[in-house]
Amino acid sequence: QVQLVESGGGLVQPGGSLTLSCAASGSLLIIYTMAWYRQAPGKQRELVATITRSGSQEYTGSVKGRFTISRDNAKNMVYLQMNSLKPEDTAVYYCNAEIRAGLVTGSRDYWGQGTQVTVSS
């Protein structure tokens, strides 16, 4: 059984910073690409950033230069450092990972439960 658990969300003023963390646990043979998504009220879930196992990163345009995704393969963790936060960054942020749980299973996507980030003065 695989679990992804996010932490680090909260209320922050515009221009402030937050760091989100996501811990993967359970049967984890290989963790491939990890990612952060977000979903604002009334909007579809959108991809924020991805990072491959080797560390290659990609970002959606609205967060480039402000957010940084990183991972620690030894600890099965992925992080999202968010700087210069704006009210439009307000959303529930979800951790996502493509994981192969065992030798006889293929890989599949797993999701965390989400953590709320609110940017407001």
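Here the structure is shown first, and the text comes after it.
Presented here is a report on the structure given in the accompanying data block.

Calculation notes
Residues numbered from 1 in each chain as written. Predicted model: local features only at pLDDT ≥ 70, side-chain atom pairs only at ≥ 80, totals over all residues. Heavy atoms only, no water. Phe/Tyr/Trp six-rings, centres within 6.5 Å; stacked < 30°, edge-to-face > 60°. Lys NZ or Arg CZ within 6 Å of the ring centre and 35° of its normal. Salt bridge = Lys/Arg side-chain N within 4 Å of Asp/Glu carboxyl O. Helix = DSSP H or I, 4+ residues; strand = E, 2+ residues; numbered from the N terminus. Buried < 20%, exposed > 50% of the residue type's maximum accessible area, 1.4 Å probe, protein only.

Under the definition given, this model contains 1 aromatic pair. Over the aromatic face of Tyr94 sits the side chain of Arg45, whose NZ or CZ is 3.7 Å from the ring centroid. We note Arg108 situated over the ring of Tyr110; from NZ or CZ to the ring centre the distance is 3.9 Å.

Looking now at the pattern of salt bridges. Under the defined criterion, the tally for this structure stands at 3 salt bridges. A salt bridge links Arg38 to Glu46; its shortest N-O distance comes to 2.6 Å. Asp89 serves as the salt-bridge partner of Arg66, at 2.8 Å between the closest nitrogen and oxygen. Residue Arg66 is found in the loop between strand 6 (57-59) and strand 7 (67-72), and its partner Asp89 is found in the loop between strand 8 (77-82) and strand 9 (91-100); the two are separated by 23 residues along the sequence. Judged on exposure class, the residue Arg66 and its partner Asp89 are both buried.

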